[in-house]
Amino acid sequence: IKPQKNNIDAIKVLNCLRKFGVNAQLHMICTIQDEGIYQNLQKYIISHALRPYVYFHFEQKQEEVADLLHKMDISISVSNWETFGRGIYEGIVSELPTFVYENLTDVRQFCNGNIGVTFVKNHLDMASEINKIIGTPQLYIQKVAALKLLKEKVSYENEEQLLLNA
């Protein structure tokens, strides 16, 4: 939890989804690097009656992260900037339809138009796009299928081959 990660927008996405009538929860895998931001998140959660729907997972081991991802339906990133973003990649390789802000140009280059990753302007657009796939199971299935192709694009094996052939 720090300015770069823009965590408040993730909670705003949840708030919008709940207002749309979506039975959504937010699981944030994070560490607290800015206590002031964390306190502001808590205030927002309380003031919008979101306490039962927001879960913070601190200092998770990779196995615990994998277990959490296995239980989720989608992945979001509301970061202000990322070079690549391990959390984004984890969502992709877990074949979770992924929603990110359009200012993440490095992520956009990597995804190269793959429909499994949706780029949006803000938290309102993100909530709207998420609501769209929740209401359209076929679209969800298409996004998952597209992510299977994308996750093969970057793997240890593929990266190793690229390095060996350089």
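Calculation criteria
Residues numbered from 1 in each chain as written. Predicted model: local features only at pLDDT ≥ 70, side-chain atom pairs only at ≥ 80, totals over all residues. Heavy atoms only, no water. Salt bridge = Lys/Arg side-chain N within 4 Å of Asp/Glu carboxyl O. Helix = DSSP H or I, 4+ residues; strand = E, 2+ residues; numbered from the N terminus. Buried < 20%, exposed > 50% of the residue type's maximum accessible area, 1.4 Å probe, protein only. Phe/Tyr/Trp six-rings, centres within 6.5 Å; stacked < 30°, edge-to-face > 60°. Expected span 1.5 Å × (residues − 1). Arc of directions from axis to C-beta. Contact = heavy atoms within 4.5 Å. Polar contact = N/O pair within 3.5 Å; in protein donor to acceptor, adjacent residues only side chain to side chain.

Quick one: what's the story with the pattern of salt bridges, residue by residue and with numbers?
Per the stated rule, a full pass over the model turns up five salt bridges. One salt bridge in this structure joins Asp67 and Lys71, with 3.2 Å as the shortest N-O distance. Pair noted here: Asp67 and Lys71 are both in helix H3 (residues 62-71), with a separation of four residues, about one helical turn. In this structure Asp67 comes out as partly exposed when scored by relative accessible area, which is 38%. When the shortest N-O distance is used, the salt bridge between Glu129 and Lys132 registers 2.9 Å. Of this pair, Glu129 and Lys132 are both found in helix H6 (residues 123-134), three residues apart, which corresponds to roughly one turn of the helix.

Explain the packing of aromatic side chains to me, and be specific about the residues and the numbers.
Here the distance between the centres and the angle between the planes together describe a pair of aromatic rings. Inspection of the entire model under this criterion finds three aromatic pairs. Here the aromatic rings of Tyr38 and Phe58 are separated by 6.0 Å at their centres, their planes lie at 75 degrees, and the arrangement is edge-to-face. Remark: Phe58 occurs in strand S2 (residues 54-58) and Tyr38 occurs in helix H2 (residues 35-47); sequence separation between them is 20 residues. The interplanar angle of 0 degrees and the centroid separation of 5.8 Å between the aromatic rings of Phe56 and Phe58 together place this pair among those described as stacked.

Residues and numbers for H6, please.
With twelve residues, H6 extends 16 Å between its outermost C-alpha atoms, agreeing within 8% with the 16 Å of an ideal straight helix rising 1.5 Å per residue. Every buried residue of H6 is accounted for by His123, Met126, Ala127, Ile130 and Ile133. For H6, the angular spread of the buried residues around the axis is 125 degrees, confining them to a single face. In this fold, the buried residues of H6 make contact with helix H1 (7-19), strand S3 (75-77), strand S4 (98-101), strand S5 (117-120) and helix H7 (137-153). You can read the cap of H6 off the contacts: a side-chain oxygen lies 3.0 Å from the backbone nitrogen of Leu124, and it is on Asn122.

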